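So you can see what is in the structure, the chains are spelled out below.
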Amino acid sequence: MSFLQTSAGYPPIDPMAALAAVGVIVLTAMVGPSLLKIRIRGIRSVPFHVELPPEAKPGWKGGEILTNPSIQDPAQPGKIICYDPATGRHLTTLRAHTKEDVAQALQKARKAQQSWAKTTYEQRRVVLQSLQDFILENMEDICRVASRDTGKTMVDGKFGEVLTTLERIRWTLKHGEASLQTEYRDPGLLMFYKHAKMEYHPLGVVAALVSWNYPFHNTFGPLITAIFAGNGILIKASEQVAWSTTMYFAKIARTCLEACGHDPELVQFLVGFPDCGEALVASGVDGLTFIGSPQVGSKVAERAAKHLVPCVLELGGKDVAIVNKDVDLDAVVPILMRGTFQNCGQNCIGIERVLVHEAIHDKLVDRLSEKIGQLKQGPPLEIANIDCGSMTMSGRLAGLEKTVAEAVKQGARLVHGGKAFKHPDFPQGQFFAPTLITDVAEDMHLFQEEVFAPILTVVRFSTLDDAIRLANATPYGLGSNVFSRNMREGRYLVKGIRAGMSNLNDFGASYLCQSLPFGGVGHSGYGRFAGPEGLRGVCYQKSVTEDRWPSLIQTFLPPVLQYPMANVGDAIVVTRDLALIIYAGWIGRVKAVFEIVKTIAVGSGQPEEL
């Protein structure tokens, strides 16, 4: 995601043009909110308040520092141990939800959805506008809660938790209703006297099993889409972020609905271990979205298929960034750094492989090495000016070290990091050092499998076709990024990559454009969320026909076609001539008209052939 960097696809900007551009942006920032009110603020907003958990308040130093932080304790089965992964501080212990909890949640959501389905789009917009205003007024608190539960920095929270969610709401407010409007289709000449239309109706109660890397956005993204389309929703958050989901984010959604005069039971939140997720898939929900690993996703799909539940699977990726030889490294290097180290590499569309032209390989590695060596790592809510926070999941550090060591043993060159980082003041923090490794071959585990970590992997290529081959050499196909000043070559690379999303001279732009659907191919899953496709994906589609001029023309079957048929031979001739009238050339059509009139009037005289 980039702001005002010089694009790698364009020549250097004239200083005066740059100054003018800055002026326009400043003016937009000043006037923009007023324009937003003019265009959208016809929508009423209802203020509401949700108390911030004390653990997320500035200066909090409470909580026992756990010796071996883990979300599960064998001595406490059925309990989720919530802790700050950047410090090891204990936050709370929660009861994991069970199959019985899932059944009760579904029952409550179904009851609430019956009323919600009858609401107008205007009423639904009030809810979303109220939510948007709450986010704008409380974004620091939202990011602090997310940071406390995941170890991400406040800046990473603004990017991944707040901006993306606000843009989802903005797009839905502006375009959601139009995306779900009845569509009139061409009925064809055969049915010229009919209206043919497609209607979108809410599925009922849908479910979302979401990942832990962005607990606020991953929760509210599917929620916004589901309720705007008229559904209820059950959200099963990862046990890794049970504290933030239960103690704050769930309260935001339910309080917002209640403040706007609607039943808060419309949205249900569940936190639990795999048995809770399995129960949810088999509970009888009308559709589901799963965000997670391919290994778990395949099991979800199998279980969903058993119950004939339609599902969307977003299963991560091994996203590539191809860097052509003609790029401006001053522009590209910062984007590669953000694309790799945003949220400490724990991004489904994070850059996991950088393919660079051999002509600039060494120069790019030197630039990256210099930048990575300056990164500051630690707990973001304890130490100021932190670039990289912690890994969210416990128990990952040893596996990451093994993956890097294995690549080095097979010939890769480790430039930076590659090890867990033990912070001197917070030794219980789950930190993995920002890593740079090059000379990685395509048969290495590091090249093939998603690492979901702050590891920048560099691979050289010689030709554009070589880059495309390497880009497509993994089973994943989620996002992709290409950097090239030569737009023709850039578009050639984009076209050649097999992925659900591509960005030319940028990173992550396809997700900030919430008008675009999000999803991948191959081991990255199937189905899409966001955009019109996402809204329609939580609806069932109903094809409807009705009379265009009911008082003038209605369907009438001539006696020759009515059951019981007096002469099947005549019926055969009539249906044949009907096809000729609609689809044949003019000569055939004229002949068929006379034939069909004759047959209806006096019969064809042709027996049925047996």
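A quick note: this is a predicted structure, and the numbers were derived from the prediction, not measured. (Residues numbered from 1 in each chain as written. Predicted model: local features only at pLDDT ≥ 70, side-chain atom pairs only at ≥ 80, totals over all residues. Heavy atoms only, no water.)

Caption draft 1: Looking closely at the UniProt feature "active site" (unreviewed entry) in the chain. Under the UniProt annotation, the feature "active site" (unreviewed entry) is placed at Glu314. With respect to the helices, strands and loops of the structure, Glu314 is situated in strand S9 (residues 311–314). Setting aside residues no more than four positions away along its own chain, Glu314 makes contact with Phe290, Ile291, Gly292, Cys348, Leu478, Phe518, Ser524 and Phe529. (UniProt positions renumbered as here; feature names shortened; annotations may be inferred. Helix = DSSP H or I, 4+ residues; strand = E, 2+ residues; numbered from the N terminus. Contact = heavy atoms within 4.5 Å.)

Caption draft 2: Broad picture of the pattern of salt bridges. The full count for this structure, using the stated rule, is 29 salt bridges. A salt bridge links Lys194 to Asp547; the shortest N-O distance between them is 2.7 Å. Separated by 353 residues along the polypeptide, Lys194 in strand S4 (residues 194–202) and Asp547 in strand S22 (residues 539–547) bring together distant segments of the chain. For Lys194, a relative accessible area of 14% gives the class buried. One continuous salt-bridge network, built from bridges that share partners, spans Lys61, Asp84, Arg89, Arg148 and Glu382. (Salt bridge = Lys/Arg side-chain N within 4 Å of Asp/Glu carboxyl O. Buried < 20%, exposed > 50% of the residue type's maximum accessible area, 1.4 Å probe, protein only.)

Caption draft 3: Focus on the packing of aromatic side chains. Across all of its chains, the model carries 11 aromatic pairs by this definition. Residues Phe216 and Phe249 carry aromatic rings whose centres are separated by 5.2 Å and whose planes lie at 65° to one another, so their mutual orientation is edge-to-face. Taken together, the residues span a long stretch of sequence, with Phe216 in helix H6 (residues 215–228) and Phe249 in helix H7 (residues 242–259) at a distance of 33 residues. Aromatic rings pair up to connect Phe216, Phe220, Tyr248 and Phe249 into one cluster. (Phe/Tyr/Trp six-rings, centres within 6.5 Å; stacked < 30°, edge-to-face > 60°.)

Caption draft 4: Seen up close, the side chain of Glu314. Although Glu314 lies buried, it forms no salt bridge, and the closest oppositely charged side chain, Arg528, sits 9.4 Å away as judged by the N-O distance. Side-chain polar atoms of Glu314 contact the backbone nitrogen of Gly316, separated by 2.8 Å. (Lys, Arg positive; Asp, Glu negative; His and termini not counted. Polar contact = N/O pair within 3.5 Å; in protein donor to acceptor, adjacent residues only side chain to side chain.)

Caption draft 5: How the structure looks around the sheet that holds strand S10 (residues 320–323). Taken in spatial order, the seven strands line up as S12-S15-S16-S11-S10-S18-S19 in an open sheet, and their pairing is mixed. What marks the edges here is a single partner per strand, and that holds for strand S12 (413–416) and strand S19 (503–504). Here four bridges tie strand S11 (residues 353–357) to strand S16 (residues 455–461), and the two strands are oriented parallel to one another. From the neighbouring strand, Val354 faces S16, where its bridge partner is Val458. Helix H10 (residues 329–341) contacts S10, S11, strand S15 (435–438), S16 and strand S18 (480–483) of the sheet and is inclined by roughly 130° relative to S16. (Pairing = 2+ DSSP bridges. Axes fitted to C-alpha atoms, helices over the stretch in contact; angles between N-to-C directions.)

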